[in-house]
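Residue-level structure breakdown
Given next are the chains, with one letter for each unit.
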Amino acid sequence: RIEALAGMRIVRASAGEHASLFVSAAGDLFSCGFADAGLLGHGHAIVCETPRKIASLQGMRVCCASMADSHALAVTEDGAVYSWGTSSGALGHGRSLLDHRHRSAI
């Protein structure tokens with residue numbers, strides 16, 4: 001049991017090599033783990049040992065999310081796709097970049 005998520009209904013979870021994502025029934029997105037290259041989506045490279053809500057997605061109802069080894073994706077209820085982290089083209093923005101905060105790919 002992950003105490004930081006106690007009392008919340010988690011409907012989806014995804015794990016990469018060094019980090020994890022959790023989607024709550026309320027549509028909030030949480031991440032924890034190794035924060036290199038903005039992987040956690042918190043706008044910094046500080047390791048989070050317990051799940052923390054991704055504040056930059058506040059007000060957006062996330063329905064699913066996926067964590068890879070160097071980037072993450074989230075889809076909102078209205079169909080918008082957000083990506084962050086670093087990758088050679090995998091973020092969907094048409095170029096290689098390092099993005100510590102969420103960015104709309106579609």
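Residues numbered from 1 in each chain as written. Predicted model: local features only at pLDDT ≥ 70, side-chain atom pairs only at ≥ 80, totals over all residues. Heavy atoms only, no water.

Section: the sheet that holds strand E2 (residues 19-24)
For clarity, the cut-off: The pairing criterion for strands is at least two bridges between them, as found by DSSP. Numbered from the N terminus, helices here are DSSP runs of H or I no shorter than four residues, and strands are runs of E no shorter than two. In this analysis an axis means a line fitted to C-alpha atoms, helices contributing only their contacting stretch, and an angle means the value between N-to-C directions, from 0 to 180 degrees.
Strand order in this open sheet of four strands is E1-E2-E3-E4, and the pairing throughout is antiparallel. The strands lining the two open edges of the sheet, one partner per strand, are strand E1 (10-15) and strand E4 (48-53). Here the average twist between neighbouring strands, direction ignored, is 15°. In this sheet, E4 lies alongside strand E3 (residues 29-33) in antiparallel orientation, the contact comprising three bridges. Counted as the bridge partner of Phe30 is Lys53 from E4.

Focus: the pairing of E1
Across five bridges, E1 lies against E2 in antiparallel orientation. What sits directly across from Arg12, in E2, is Val23. In textbook terms, the turn of a hairpin is the stretch between consecutive antiparallel strands, and for E1 and E2 this stretch comprises three residues.

Some thoughts on the pattern of salt bridges
It is possible for side chains bearing opposite charge to pair when their charged atoms get close. Let me state the cut-off plainly: In what follows, salt bridge is the name for a side-chain nitrogen of Lys or Arg lying within 4 Å of a carboxyl oxygen of Asp or Glu. When accessible area is computed with a 1.4 Å probe and restricted to protein chains, residues below 20% of their type maximum are described as buried, those above 50% as exposed, and intermediate ones as partly exposed.
Under the counting rule described, the total for this entry stands at three salt bridges. Measuring nitrogen to oxygen at the nearest pair gives 3.6 Å for the salt bridge that ties Arg1 to Glu3. Overall, Arg1 belongs to the exposed group, its relative accessible area being 81%. Here Glu3 falls in the exposed class, since its relative accessible area comes to 58%.

Topic: the nonpolar core
Short version of the rule: Among buried residues, those of type Ala, Val, Leu, Ile, Met, Phe, Trp, Tyr and Cys that are joined through side-chain atoms within 4.5 Å constitute a nonpolar core. We call two residues contacting when some pair of their heavy atoms lies within 4.5 Å.
Core analysis: the largest hydrophobic core is formed by 22 residues, its most contacted members being Leu21, Leu29, Leu57, Ala74 and Trp84. Those elements that provide at least two residues to this core are E2, E3, strand E5 (62-67), strand E6 (71-76) and strand E7 (81-87). Looking at this core, the element that brings in the most residues is E2, giving four residues. Sequence-distant contacts of Ala74, that is, excluding residues within four places in its chain, are made with Leu29, Leu57, Val62, Cys64, Ala65, Ala80, Val81, Tyr82 and Trp84.

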